[in-house]
Amino acid sequence: MKIDNCLSVTLGEPLKVWQKTGLDLVARLHKGRDVTLAIDLTGSVNFNDEGRTRLRQIVQDSLQSQDRVYVVLFASEIKSLSSKNHSLPEPIFFKGNKEEIDRILAVIPAESNPNIQNTDIQRTELFVYQGLAQLNQCRLVENKPIKFQSAVWITDAPLLISAGISSDIWTETPANSPFRQKNSAETKERESWIRALPLNQRSQKIITNNNNTYQLSVIDIPPTAQEFCTPAPGGKQTCLINEYLWQQLWIPLLIIFLGIIAGGWVIKYCLSLRKPWKLEVKVVLDEDDDKQKYKLKNLQKIAIGGEGLRTIDCPGEETRGYLERTGNQLYLKPTNCAPLYTQGTKITKKIPINQSVFKINCPNQLKEDQNFELVIHIIKS
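In what follows, the accompanying structure is described.

Quick notes on the rules
- Residues numbered from 1 in each chain as written.
- Predicted model: local features only at pLDDT ≥ 70, side-chain atom pairs only at ≥ 80, totals over all residues.
- Heavy atoms only, no water.
- Pairing = 2+ DSSP bridges.
- Helix = DSSP H or I, 4+ residues; strand = E, 2+ residues; numbered from the N terminus.
- Axes fitted to C-alpha atoms, helices over the stretch in contact; angles between N-to-C directions.
- Contact = heavy atoms within 4.5 Å.
- Buried < 20%, exposed > 50% of the residue type's maximum accessible area, 1.4 Å probe, protein only.
- Lys, Arg positive; Asp, Glu negative; His and termini not counted.
- Salt bridge = Lys/Arg side-chain N within 4 Å of Asp/Glu carboxyl O.
- Polar contact = N/O pair within 3.5 Å; in protein donor to acceptor, adjacent residues only side chain to side chain.
- Parallel < 35°, antiparallel > 145°, perpendicular 65-115°, else oblique.
- Left-handed = near helix turned anticlockwise from the far one by under 90°.
- Nonpolar A, V, L, I, M, F, W, Y, C, P; charged D, E, K, R; others polar.
- Phe/Tyr/Trp six-rings, centres within 6.5 Å; stacked < 30°, edge-to-face > 60°.
- Lys NZ or Arg CZ within 6 Å of the ring centre and 35° of its normal.
- Disulfide = S-S within 2.5 Å.

### What about the sheet that holds strand E3 (residues 92–94)?
Argument step 1. With mixed pairing, the six strands of this open sheet are ordered in space as E3-E2-E1-E4-E6-E5. In this open sheet, the two strands that pair with only one neighbour each are E3 and strand E5 (200–207). With strand direction ignored, the average angle separating the axes of adjacent strands in the sheet is 20°.
Argument step 2. Where strand E1 (residues 33–40) lies against strand E4 (residues 148–155), seven bridges are found, and the strand directions are parallel. Of the residues in E4, the one forming a bridge with leucine 37 is valine 152.
Argument step 3. Running over the sheet, helix H4 (residues 121–141) touches E1, strand E2 (67–74), E4 and strand E6 (213–221) and is turned about 165° from E4.

In structure tokens, the structure reads:
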């Protein structure tokens, strides 16, 4: 990712809950994270077998395809400064193969250097957190998907402590470091970033070969960016994140919206299949005859003529046809054993019935001019 032309990141305004949710959704829709491995080079961190095993676990088992890995080596100074903009070093793009794992581990020294002393931990914290914030801010202004981020710290220095770091808290901070001063510009900047970023810390203590201890800490940062809202002509206001979220999410949100509509339709359709229809049958010429009533479930049928409980009475002993329900469609299927008409047309093959009220005629075969008409009313609700 190129960030050379991206403006330096500065602290913005607090995000609203819906903006945080939107940024989280953007990051989840795209693969890849920013993972910084921050390694203390001083002799107090001795990479024994346990430490290297845990480090390999992180690299081998925790990294995901398309993660970008930034290795930061530090002590009194940061050895991994990029030549441009003091940004994070060039990332190792992780695709999941062994060569990339070996390449990442090769950057990390096999042993600590006993000649390197003093760890300016707060300087490195500012560098790492501001560098990670810079990456997502550049993605924001370039309309690229922002990412989840993590910083993995291997150091015995205290992390995320309050402003100003005196010798009784951490003796290794260089004497000339501005971070020893509670009110220095550098200290205030670090404090501002730690307050602004949603940092979630988990730590594991590791005992070295000489019985000293250091911590392997993972600090996860949910996807975030710096918001700047500015008054605009016409009583309007322009904001970075609002416009960004619209550009990133309108297609996914449209798909989700259409999916909800489609899902609602499917649910409604499935429920309609479970609901039995009511059929009321009345002989046209017999006003005193009561209506015959039936229930018709999906994939059931009712015979027209013949014998049986689910049979519509008509002249003759033959079964002239069936009323069949398939899904939410009703069909009239003749047997061609005896004539069967609907709407004045003789039925010789299966046809759909699309009216809620229709007539069928079962003429007397002995007296062809003697009709036996039935009115059928379908009640689906």
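### Let's talk about unusual backbone geometry
Argument step 1. One non-glycine residue, glutamine 66, lies in positive phi territory at about 75°.
Argument step 2. Mapping glutamine 66 onto the fold places it in the loop between helix H2 (49–62) and E2.
Argument step 3. Since its relative accessible area comes to 33%, glutamine 66 is described here as partly exposed.
Argument step 4. Phi angles above zero are rare outside glycine, and glutamine 343 is one such case at about 55°.
Argument step 5. Mapped onto the elements of the fold, glutamine 343 is located in the loop between strand E15 (341–342) and strand E16 (345–346).
Argument step 6. Under the relative-accessibility criterion, glutamine 343 is labelled exposed at 55%.

### Let's talk about the sheet that holds strand E17 (residues 351–353)
Argument step 1. Taken together, the five strands give an open sheet; going across it, the order is E12-E11-E13-E14-E17, and neighbouring strands pair in mixed fashion. In this open sheet, the two strands that pair with only one neighbour each are strand E12 (311–312) and E17.
Argument step 2. Examined bridge by bridge, strand E11 (residues 301–304) and strand E13 (residues 321–326) share four bridges and lie antiparallel to one another. Looking across to E13, one finds that lysine 301 is bridged to glutamate 324.

### Let's talk about the pairing of strand E18 (residues 357–361)
Argument step 1. Taken together, the two bridges between E15 and E18 define a ladder with antiparallel strand orientation. What sits directly across from tyrosine 341, in E18, is asparagine 361.
Argument step 2. Here E18 pairs with strand E19 (residues 373–379) via five bridges, running antiparallel. Its bridge partner lying in E19, isoleucine 360 is registered against leucine 374.

### Focus: the side chain of aspartate 40
Argument step 1. Considering the arrangement of structural elements, one finds aspartate 40 in strand E1.
Argument step 2. For aspartate 40, which is buried and forms no salt bridge, the nearest opposite charge comes from lysine 79, at a distance of 11 Å.
Argument step 3. Reaching out from aspartate 40, the side chain makes a polar contact with the side chain of threonine 119 at a distance of 3.2 Å.

### Here's the deal with the packing of helix H1 (residues 17–28) against helix H6 (residues 240–274)
Argument step 1. With their axes 10 Å apart at the nearest point, H1 and H6 run at an angle of 40° to one another. On the basis of the axis angle, H1 is oblique to H6. The interaxial crossing formed by H1 with H6 has left-handed handedness. Contact with H1, carried on its side by Trp18, Gln19, Gly22, Leu23, Leu25 and Val26, involves Ile241, Asn242, Tyr244, Leu245, Gln248 and Leu249 of H6 and no other residues of that element.
Argument step 2. Considered class by class, the residues forming the contact of H1 with H6 number eight nonpolar, four polar and no charged.

### A look at the side chain of glutamine 19
Argument step 1. One can find glutamine 19 in helix H1.
Argument step 2. Engagement of the side chain of glutamine 19 in a polar contact is seen with the side chain of asparagine 242, the distance being 2.7 Å.

### Focus on the packing of aromatic side chains
Argument step 1. Considering all chains together, one arrives at three aromatic pairs under this definition.
Argument step 2. Geometrically, the ring pair formed by tryptophan 265 and tyrosine 269 is stacked, given 5.4 Å between the ring centres and 5° between the ring planes. With a gap of four residues between them, tryptophan 265 and tyrosine 269 both fall in helix H6, about one helical turn apart.
Argument step 3. For tyrosine 269, a relative accessible area of 32% gives the class partly exposed.
Argument step 4. Sitting over the face of the ring of tyrosine 322, lysine 301 holds its NZ or CZ atom 4.4 Å from the ring centroid.
Argument step 5. Here arginine 325 stacks its cationic end above the ring of tryptophan 277, 4.3 Å away from the centre of that ring.

### Here we look at the state of the cysteines
Argument step 1. Evaluation of the coordinates by the stated rule reveals one disulfide.
Argument step 2. Covalently, cysteine 229 is tied to cysteine 239 through a disulfide, its sulfur atoms 2.1 Å apart. Across the disulfide from cysteine 229 to cysteine 239, rotation about the S-S bond amounts to roughly 120°, and the bridge is consequently right-handed. You can see cysteine 229 sitting in strand E7 (residues 229–232) and its partner cysteine 239 sitting in strand E8 (residues 236–239), a full ten residues away along the chain. The pair cysteine 229 / cysteine 239 is uniform in exposure class, with both members buried.

Function-wise, these values are silent; they only describe arrangement.
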